[in-house]
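# Topology and contacts: notes
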Amino acid sequence: MEQLEVGLDWDDLRYALAIAEAGSLNGAAKLMGVRHTTVLRRLDALEERLGARLFERLRSGYRPTEAGELMAAQAREMRPAIAEMQRRIVGRDLELQGTLRLSTAFVAMLYLLPEALAAFRRSHPGIEVEVNENSSLVDMSKRDADVALRMNRLVPEHLVGRRLGDVRMRVYAKRGQAGLPQSVLPVSDLCANYPWIGFDRERRSRFFDRWMLDHVPQTSIAVRLDLLHPAVAMARTGLALALLPTLIEGHEPDLLPVSEVLSDVSTPVWLLTHPDLRQTARVRAFMQEVGASLQARLEAAP
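Description of the structure in this document. Every chain begins its residue count from 1, and numbering advances along the sequence as written. Local features in a predicted model are, by the rule used here, given only for residues with pLDDT of at least 70; side-chain atom pairs are given and counted only at 80 or more, and totals for whole chains, interfaces and linings are based on all residues. Only hydrogens and water are removed before side-chain values are computed, so all heavy atoms of the structure are retained for them.

Pairing within the open sheet is antiparallel, and its 3 strands lie in the order 10-7-11. Pairing within the sheet leaves two strands with one partner each, and these edge strands are strand 10 (242-245) and strand 11 (255-257). Each neighbouring strand pair of the sheet contributes to a mean axis angle of 50°, computed without reference to strand direction. DSSP bridges decide pairing: two strands pair if at least two such bridges lie between them. To qualify as a helix, a DSSP run of H or I must reach at least 4 residues; to qualify as a strand, a run of E must reach at least 2; elements of each kind are numbered from the N terminus. The sheet contact formed by strand 7 (residues 169-174) and strand 10 spans 4 bridges and is antiparallel. For Tyr-172, the partnering residue across the bridge sits in strand 10 and is Ala-242. Across the sheet, helix 9 (residues 228-235) is in contact with strand 7, strand 10 and strand 11; its angle to strand 10 comes to roughly 125°. In this description, a line fitted to the C-alpha atoms serves as the axis of each element, helices being fitted only across the stretch in contact, and the angle between N-to-C directions of two axes falls anywhere from 0 to 180 degrees. Here a residue-residue contact requires only that any non-hydrogen atoms of the pair lie within 4.5 Å.

The subject of this paragraph is the sheet that holds strand 5 (residues 147-151). Across the sheet, 5 strands lie side by side as 4-3-5-12-6; this open sheet has mixed pairing. Each of the sheet's edge strands pairs with one partner strand only, and the pair in question is strand 4 (127-133) and strand 6 (160-167). Averaged over neighbouring strand pairs, the angle between their axes works out to 20° when direction is ignored. Of the pairings in the sheet, the one linking strand 3 (residues 98-104) to strand 4 comprises 7 bridges and is parallel in character. Of the residues in strand 4, the one forming a bridge with Thr-104 is Glu-133. Contacts from helix 6 (residues 114-123) reach strand 3 and strand 4, with the element oriented near 160° to strand 4. The sheet strands contacting helix 10 (residues 281-300) are strand 3, strand 4, strand 5, strand 6 and strand 12 (267-273), and the helix crosses strand 6 at an angle near 15°.

The next subject is the nonpolar core. Residue types Ala, Val, Leu, Ile, Met, Phe, Trp, Tyr and Cys, when buried and joined through side-chain atoms within 4.5 Å, form a set referred to as a nonpolar core. Each residue's exposure class comes from its accessible area (1.4 Å probe, protein chains only) as a fraction of the maximum for that residue type: buried when under 20%, exposed when over 50%, partly exposed otherwise. Core analysis: the biggest nonpolar cluster contains 62 residues, and Leu-149, Trp-196, Trp-211, Leu-243, Leu-244 and Phe-286 have the highest contact counts within it. If one sorts the elements of this core by residue count, helix 10 sits on top with 7 residues. In this structure, Trp-211 is in contact with Val-187, Cys-191, Trp-196, Val-216, Leu-243, Leu-262, Asp-264 and Val-265, ignoring residues within four places of it in sequence. Within the second largest apolar cluster, 21 residues are counted, among which are Ala-18, Ile-19, Met-71 and Ala-72.

Okay, the environment of Leu-70 next. With respect to the secondary-structure elements, Leu-70 resides in helix 4 (residues 66-91). As for Leu-70 and Leu-54, which are separated by 16 residues in sequence, their C-alpha atoms are 9.1 Å apart.

Attention now moves to the packing of helix 2 (residues 25-32) against helix 3 (residues 36-50). Contact geometry of helix 2 with helix 3 gives a least axis separation of 8 Å together with a crossing angle of 100°. As summarised for this structure, helix 2 and helix 3 are arranged roughly perpendicular, according to the angle between their axes. Of helix 3, the residues touching helix 2 (which contributes Leu-25, Asn-26, Ala-28 and Ala-29) are His-36, Val-39 and Leu-40. Classifying every residue of the contact of helix 2 with helix 3 by side-chain character gives 5 nonpolar, 2 polar and no charged. Any angle that falls under 35 degrees is termed roughly parallel, while one over 145 is termed roughly antiparallel, one within 65 to 115 roughly perpendicular, and all others oblique. Side-chain classes are defined by residue name, with Ala, Val, Leu, Ile, Met, Phe, Trp, Tyr, Cys and Pro counting as nonpolar, Asp, Glu, Lys and Arg as charged, and the others, Gly among them, as polar.

When you line up the elements, Ala-148 lands in strand 5. With a relative accessible area of 0%, Ala-148 lands in the buried category.

Moving on, we get to the pattern of salt bridges. Opposite charge on two side chains permits them to pair, given that their charged atoms come into close proximity. What makes a salt bridge here is a side-chain nitrogen of Lys or Arg within 4 Å of a carboxyl oxygen of Asp or Glu, nothing more. Taken as a whole and judged by the stated rule, the model has 8 salt bridges. Here Arg-101 ties to Asp-146 by a salt bridge, and the two come within 4.0 Å at their closest N and O atoms. On the criterion of sequence distance, the pair formed by Arg-101 in strand 3 and Asp-146 in the loop between strand 4 and strand 5 is long-range, its members being 45 residues apart.

Let us now look at helix 3. Residue count minus one, scaled by 1.5 Å, sets the expected span of a helix. When the terminal C-alpha atoms of helix 3 are compared, their 21 Å separation across 15 residues agrees well with the 21 Å that a helix rising 1.5 Å per residue should span. Residues of helix 3 that are buried include every one of Thr-38, Val-39, Leu-43, Leu-46 and Glu-47, and no others. Looking down the long axis of helix 3, one finds its buried residues gathered within 160° of arc, a one-sided arrangement. Facing away from the buried side of helix 3, by more than 90 degrees, are the exposed residues Arg-41 and Glu-48. Buried residues in helix 3 make contact with helix 1 (10-22), helix 2, strand 1 (55-58) and strand 2 (61-64). Backbone geometry just after helix 3 places Gly-51 at a positive phi near 70°. Arc definition: it is the arc formed by the directions from the helix axis to the C-beta atoms.

Shown next, in the form of structure tokens:
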């Protein structure tokens, strides 16, 4: 009997696995960073090649069929090996060219990285840097990023890199705004007598969340935001005081510091990569050159 061979590649399985894990086209599209129409097109083509239906299309979402469950299970088993192979192949790359994926926080991209990235690109025109702004640490074992710049006291033990310095914080007000302080005052006065831009009511995982919850009365919060860079935008309106990194100084002329640097609310900055990638030429160059530039920038900040 003639045996039918079906040509599949890893991308086929990645798309189908994303649907199985997300339960919908839109959810899979977010995981893959594409449009939902792309996910649907890839799924339709895969099912046609296999001659099997992988998902039941329901109003509540996409539910794997028996064939879909088998496919998803096999893809999950394959994923770590594929990721390891990709890391090892990339890790042998000795050329200063190709794509380097950088994951970092939004506020770092706004106030810390631009000049260093521009200088790196000018020095290495063969390297294309892709920046993914994300507040959480991506999974480098899956090649979601080659390098990560993170502001955190603790970093995963399986990653390698260097501590570049610390992000320090102060309280800021809009310059010239009536009802807000225009000179440096004790923190106790600022917390007791002025409105504030706040963050999460209960979250304590981030260094600035903890400080706000420990120092600023909940009744003083005028508006709540999820991240630091929206807080900069709100502080420019003059609505309230904001706890912000000193990196903004020189970039935000409308804001002036109204506290000293707060010694109890600094956090380390790390430049990290996966051990399999650290000898890759473009990763090594990025870690050395951008790392040195950022270290100098952090040391020069107030």
